[in-house]
Amino acid sequence: AGFLVSAVVPVAAYAWWAFLAAPLVVVDLAVHRLPDRLTYCAAIGVWVLLLLLGSDLSSWVRSLLSGVGVAGLFAASTLILGRRGFGLGDAKLALSCAALLGWVGWPSVVVGLMVAFVASGLVSAVLLAVRRVRWSTHLPFGPFLVLGTVAGLVLAAAA
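Note that the coordinates shown come from a computational prediction; the quantities given were computed from them, not determined experimentally.

Turning to the overall build of the protein, a few remarks are in order. In terms of helices and strands, the protein carries six helices and zero strands. Along the protein, from the amino end to the carboxyl end, the secondary structure elements read α-α-α-α-α-α. In terms of overall size, the protein behaves like a compact globule, its C-alpha atoms giving a radius of gyration of 16 Å where 159 residues would be expected to give roughly 15 Å. By its C-alpha atoms, the protein is 55 × 30 × 25 Å across when sized along the principal axes. Sorting the 159 residues of the protein into buried and exposed places 41% on the buried side. Partitioning the intrachain contacts of the protein with sequence separation of at least 6 by distance along the chain shows that 74% fall at a separation of at least 24. Carbon and sulfur atoms form 74% of the exposed surface of the protein, whose accessible area is close to 8900 Å².

Tracing the backbone through its elements, the reader meets Ser96 in helix α4 (residues 88-104). Leaving out residues up to four positions away in the same chain, Ser96 has contacts with Trp17, Ala42, Ala43 and Val46.

On to helix α2 (residues 36-53). In this model α2 runs 25 Å from its N-terminal to its C-terminal C-alpha over 18 residues, within 8% of the 26 Å that 1.5 Å per residue would give. Residues of α2 that are buried include every one of Leu38, Thr39, Ala42, Ala43, Gly45, Val46, Trp47 and Leu50, and no others.

At His32, a residue that is not glycine, the phi angle is positive and equals roughly 55°. Here His32 shows up in the loop between α1 (2-31) and α2. The exposure class of His32 is partly exposed, given its relative accessible area of 35%. At Arg131, a position not held by glycine, the phi torsion is positive, near 60°. Of note, Arg131 is situated in the loop between α5 (106-129) and α6 (142-158). Overall, Arg131 belongs to the exposed group, its relative accessible area being 76%.

What follows covers the nonpolar core. For soluble globular proteins, the rule of thumb is that nonpolar side chains tend to be buried together. Core analysis: the biggest nonpolar cluster contains 36 residues, and Trp17, Val70, Phe74, Leu93 and Leu145 have the highest contact counts within it. Of all the elements in the fold, those that place two or more residues in this core are α1, α2, α3 (57-81), α4, α5 and α6. In terms of residue count, the dominant contributor to this core is α4 (ten residues). Filtering out sequence-adjacent residues up to four positions away, Val70 remains in contact with Ala94, Ala98, Val109 and Leu113.

In the structure shown here, the tally under the stated rule is one salt bridge. The shortest N-O distance in the salt bridge between Asp36 and Lys92 comes to 2.7 Å. Taken together, the residues Asp36 in helix α2 and Lys92 in helix α4 connect sequence positions 56 residues apart. The partly exposed category is assigned to Asp36, whose relative accessible area is 35%.

What counts as what
- Residues numbered from 1 in each chain as written.
- Predicted model: local features only at pLDDT ≥ 70, side-chain atom pairs only at ≥ 80, totals over all residues.
- Heavy atoms only, no water.
- Helix = DSSP H or I, 4+ residues; strand = E, 2+ residues; numbered from the N terminus.
- Rg over C-alpha atoms; globule rule 2.2 N^0.38 Å.
- Buried < 20%, exposed > 50% of the residue type's maximum accessible area, 1.4 Å probe, protein only.
- Contact = heavy atoms within 4.5 Å.
- Areas by Shrake-Rupley, 256 points an atom, 1.4 Å probe, with all protein chains shown as cover.
- Expected span 1.5 Å × (residues − 1).
- Core = buried A, V, L, I, M, F, W, Y, C linked by side-chain atoms within 4.5 Å.
- Salt bridge = Lys/Arg side-chain N within 4 Å of Asp/Glu carboxyl O.

The values reported here are purely geometric and, on their own, carry no functional implication.
What follows is the structure in structure tokens.
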């Protein structure tokens, strides 16, 4: 029974998150916005599913702390750097992304964020090199955050 619960809990939370992450990526790529109604629903749904279906309160607390912590860092970058920092939509998306990674463990949070930052940097460098963007161009970070989350979860499952 313990194995079944440990397998079903993340799947329900992953499915909820994926259901909302897909349109978030599309919207962010199209209009550089992450709608509150989707980002907040993703975060609340993930935390509620993990709390109601999970038996491990310490994992849920780690999930909550990682989501709020990463979102807080993203929001702080907005307050400190203005338009050069992350958008508040990215901070709200980070609530659910880091929460899922935090459920798995702290190393997954780090791996997921590193994948997001490296992928964003590589794509930005290529776009700059081929002159599709300029240094002042703002690229949406939401798709990279989703990519990093998926990569962090897949790598954790493979370990």
